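# Report on the structure
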Amino acid sequence: MTERGQVVRPLIATTVIAAVAVGAAYTFGPGARAEKVGTEKAGTEKVGAEKAGAEKAGAEKAGTDKAGRSAAPKATRQQVEAETLTAADTCATSEKYPKRQLRGVWIATVHNLDWPSKPGLSPDRQKAEYVKILDNAVKRRLNAVFFQVRPASDAIYRSSLEPWSQWVTGTAGKDPGWDPLPFLVDEAHKRGLQFHAWFNPYRAADSASSNLPEGHPARLHPDWTVKHEGKLYYNPGLPQVRDWVTKVVTDVVKRYDVDGVHFDDYFYPYPGQGTRFADQAAYKKYGKGLTLADWRRRNVNQLVAQVSRAVHTAKPYAAFGISPFGIWRNKAEDPAGSATKGMSAYDSIYADARAWIKAGSVDYVMPQLYWPRGFAAADYSVLAKWWADAVKGTDVDLYIGQALYRVGAADTPAWTKAGELPAHLTLNQKYPEISGDVYFSAAQLVKNPLGVLDRIVKSHYARPALPPVLRQGSAVPAAPRGVKAAGGTLTWQAQPGAQAYGIYRVTGKDASCATADARNLVAVVPASVAPSYAAGGPGAYYVTAVDRLGNESPATRAA
């Protein structure tokens, strides 16, 4: 993705368009690329302006047999099966009620795009602003946030490796007097929201002329950096840079209760004024007979694989994924590319998402498809199918980065219509490979442009959804115990290893397929709160346990 900022940049269809686009891309976050209708060549807008095995111990300690059924003492298998149910594979499901679907929002910190609203706010004010974002996410039945913890070799958390971000206090390196990240993670988890830590890997400073604070890694290692068109970047061709980025990411994964690590679409700099990126010395030393372009792609691929291994070693249940620019390559450049005419991420910023998918070095890809249906240079309908085909038959999940920030934009007729973005979600239903959507960005989540989020909730998010399973084939948790309904309240015993509990209400006589999709799913209760739920209507209630990998237990009926 990209940190979306104050400027929108056009989809790059030619070198000329590419040059115009660079400024916005840098500033914005997860994918603020807007297509400029005025040129029709536009290509990409970037809001510039972030699989190891599951832990079986939890389920085993809780007492389960190989099928994941509760193995409570003094209960026969027949008794246990009478109290629980697991939807059979033959149960019919409805695409209108997907049981598993990632629904997320990017929260950009660079340039104070989303949080905090401006630097130097008191901790209480910062907390209040964040809680407002989360409450809006819950209101829209989202289940994940992608929070930018490292905008540019700085930290929105207490770090011994990199300085405090200027976007927190107004001064790079200045201690705000508290560590926001534990609060940010805990508040998300309290509301049943996954927290993914979003990092920008190669940006060293917002400006090449920035007065870097003492101890800044770019100040200690100027040989790691490249000044390029007014910005300061780490050189992706240096092994030391890859090691440093991996170290920074691993530090956060080990010290904070994050659910995943997320990279945006900033790798090598976006095309700008045509200036050559000054990595010739590194290429001469490490190129080893590769072309410059192939070497650059290899550098990025190596970082992706290295970070993936580190994340999964440090925390097996954590997800690692990337939000690439929406066009891998165009058919004119490669028969395997999409029928588009925009900037090629493969050729322009050396990001080869197909290679990551084939290597399995990411758990998911989240392409930023920030263009409407029918847009000549980059048709959403064309790209959604292309990406679905790209992950088909692999273990890599596909989520779509959606341009919520574009809704209402007058420069493109399609975005002036409140029905365009919901139509993207309808189109996605054609492709089982598409497992969810993430919206840029949190500021628009609060604003709800054209009332579009009301429409999305009504037509697509009428029910809550469990997150996709991170690793297929991992052990499922034990079914909840002690599930009781009394006085309009559902209660059960807290279960070790549970991240959340699914609550199902069944009004028909046949409950055998009650948990097959979300039509009966009335709530997902975070495990961090009391194991109870206020039953809101008649019927039989069932409770399931969900672990951090997304695995769901059999359902236990309330007595």
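Notes on the structure in this doc start here.

### Description of the overall build of the chain
- The number of helices and strands found in the chain is 16 helices and 19 strands.
- Expressed as a percentage of the 559 residues in the chain, the buried residues total 60%.
- Roughly 21400 Å² of accessible area belongs to the chain as shown, and the carbon and sulfur atoms make up 51% of that amount.

### A closer look at the layout of surface pockets
- Here the largest pocket is characterised by a volume of approximately 1100 Å³.
- Contributing elements (two or more residues each) for the lining of the largest pocket: helix 14 (420-428) and strand 12 (434-439).
- Its residues assigned to classes, the lining of the largest pocket shows 16 nonpolar, 16 polar and eight charged.

### Concerning the packing of aromatic side chains
- For the structure on display, the rule yields 27 aromatic pairs.
- Here Tyr233 and Phe277 contribute two aromatic rings whose centre-to-centre distance is 6.2 Å and whose plane-to-plane angle is 75°, an arrangement assigned as edge-to-face. Residue Tyr233 is located in strand 7 (residues 231-234), and its partner Phe277 is located in the loop between strand 8 (260-263) and helix 9 (280-286); the two are separated by 44 residues in the primary sequence. Per residue, the accessibility class of Tyr233 equals that of Phe277, and both read buried.
- Ring centres of Tyr268 and Tyr350 lie 5.3 Å apart, and the angle between their planes is 80°; this geometry places the pair in the edge-to-face category. Linking Tyr268 in the loop between strand 8 and helix 9 with Tyr350 in the loop between helix 11 (345-348) and helix 12 (353-359), this pair joins segments that are 82 residues apart in sequence. The pair Tyr268 / Tyr350 is uniform in exposure class, with both members buried.
- Here a set of aromatic residues connected by ring pairs shows up, and it is made of Trp115, Tyr130, Phe147, Trp178, Phe183 and Phe195.
- Positioned over the ring face of Phe183 is Lys127, at 5.3 Å from the centre of the ring.
- The positively charged end of Arg203 is found above the aromatic ring belonging to Tyr266, 4.9 Å away from the centroid.

### Topic: empty space enclosed by the protein
- Volume-wise, the largest cavity comes out at about 150 Å³.
- Lining the largest cavity are 16 residues, with Gln194, His196, Ala319, Pro468 and Leu470 sitting closest to its centre.
- Looking at the lining of the largest cavity, the elements that each hand over two or more residues are strand 4 (194-199) and strand 11 (397-402).
- Residues belonging to the lining of the largest cavity are distributed by class as follows: nine nonpolar, three polar and four charged.

### Quick look at the sheet that holds strand 7
- Spatial strand order, 5-7-6: three strands in an open sheet with antiparallel pairing. Edge strands, defined here as strands with exactly one partner in the open sheet, are strand 5 (203-205) and strand 6 (225-228). When strand polarity is set aside, the average angle formed by the axes of neighbouring strands in this sheet is 40°.
- Bridge count between strand 6 and strand 7: four bridges; the pairing is antiparallel. Considered in strand 7, the bridge of Lys227 is made with Leu232.

### Focus: the nonpolar core
- Core analysis: the largest hydrophobic core is formed by 130 residues, its most contacted members being Tyr130, Phe195 and Phe263.
- Here this core takes eight residues from helix 13 (residues 380-391), the largest share from any one element.
- What Phe195 contacts, discounting residues up to four positions off in sequence, is Tyr130, Val145, Phe147, Leu181, Leu184, Val185, Ala188, His189, Val258, Asp259 and Gly260.

### A closer look at helix 14
- The buried count for helix 14 comes to eight of nine residues, which makes it a mostly enclosed element.
- Of the residues making up helix 14, those classed as buried are Glu420, Leu421, Pro422, Ala423, His424, Leu425, Leu427 and Asn428.
- Buried residues along helix 14 sit in contact with helix 13, strand 11, strand 12 and helix 16 (452-459).

### Description of the sheet that holds strand 2 (residues 102-107)
- Here we have eight strands rolled up into a closed barrel, ordered 2-3-4-8-9-10-11-12, and parallel in their pairing.
- By the bridge criterion, four bridges tie strand 2 to strand 12 in an arrangement that is parallel. Within the sheet, the bridge partner assigned to Val105 lies in strand 12 and is Tyr439.

### Regarding unusual backbone geometry
- Residue Pro116 is reached from Trp115 by a cis peptide bond, and omega for that bond is -20°.
- Cis peptide bonds are those with omega within 30 degrees of zero, and the linkage from Phe440 to Ser441 qualifies with 5°.
- Topologically, Ser441 is positioned in the loop between strand 12 and helix 15 (442-447).
- Even without being glycine, His111 reaches a positive phi, approximately 55°.
- Residue placement: His111 occurs in the loop between strand 2 and helix 4 (123-139).
- The backbone of Arg141 shows a phi angle near 60°, a positive value even though the residue is not glycine.
- By secondary structure assignment, the location of Arg141 is in the loop between helix 4 and strand 3 (144-150).
- Assessed through its relative accessible area of 33%, Arg141 is described here as partly exposed.

### Here's the deal with the pairing of strand 15 (residues 500-506)
- With six of its seven residues buried, strand 15 lies for the most part within the structure.
- Looking at chain direction, strand 15 and strand 18 (residues 540-546) are connected through seven bridges and run antiparallel. Paired with Val506 across the strands is Ala540, a residue of strand 18.

### Observations regarding the state of the cysteines
- What the rule picks out here adds up to one disulfide.
- Cys91 shares a disulfide with Cys513; S-S distance 2.1 Å. On the sign convention where negative means left-handed, the S-S torsion of about -80° between Cys91 and Cys513 marks this disulfide as left-handed. Residue Cys91 is found in the loop between strand 1 (84-85) and strand 2, and its partner Cys513 is found in the loop between strand 15 and strand 16 (521-526); the two are separated by 422 residues along the sequence.

### Re the pattern of salt bridges
- If you walk through the whole model with that rule in mind, you get 21 salt bridges.
- Arg296 is paired through a salt bridge with Asp279; the nearest N and O atoms lie 2.9 Å apart. Taken as a pair, Arg296 in helix 10 (residues 292-314) and Asp279 in the loop between strand 8 and helix 9 lie far apart in primary sequence, 17 residues in all.
- The salt bridge partner of Glu420 is Arg373, with a shortest N-O separation of 2.9 Å. With Glu420 in helix 14 and Arg373 in the loop between strand 10 (364-365) and helix 13, this residue pair connects regions lying 47 residues apart in the sequence.
- One network of salt bridges, in which partners are shared, links Asp135, Glu187, Lys190 and Arg191.

Conventions and cut-offs
- Residues numbered from 1 in each chain as written.
- Predicted model: local features only at pLDDT ≥ 70, side-chain atom pairs only at ≥ 80, totals over all residues.
- Heavy atoms only, no water.
- Helix = DSSP H or I, 4+ residues; strand = E, 2+ residues; numbered from the N terminus.
- Buried < 20%, exposed > 50% of the residue type's maximum accessible area, 1.4 Å probe, protein only.
- Areas by Shrake-Rupley, 256 points an atom, 1.4 Å probe, with all protein chains shown as cover.
- 1 Å grid on protein atoms, 1.4 Å probe; cavity = no way out; pocket = protein on both sides within 12 Å on 5 of 7 lines; lining within 4 Å.
- Points joined across faces, edges and corners; volume = space filled by probe spheres on them.
- Nonpolar A, V, L, I, M, F, W, Y, C, P; charged D, E, K, R; others polar.
- Phe/Tyr/Trp six-rings, centres within 6.5 Å; stacked < 30°, edge-to-face > 60°.
- Lys NZ or Arg CZ within 6 Å of the ring centre and 35° of its normal.
- Pairing = 2+ DSSP bridges.
- Axes fitted to C-alpha atoms, helices over the stretch in contact; angles between N-to-C directions.
- Core = buried A, V, L, I, M, F, W, Y, C linked by side-chain atoms within 4.5 Å.
- Contact = heavy atoms within 4.5 Å.
- Disulfide = S-S within 2.5 Å.
- Salt bridge = Lys/Arg side-chain N within 4 Å of Asp/Glu carboxyl O.

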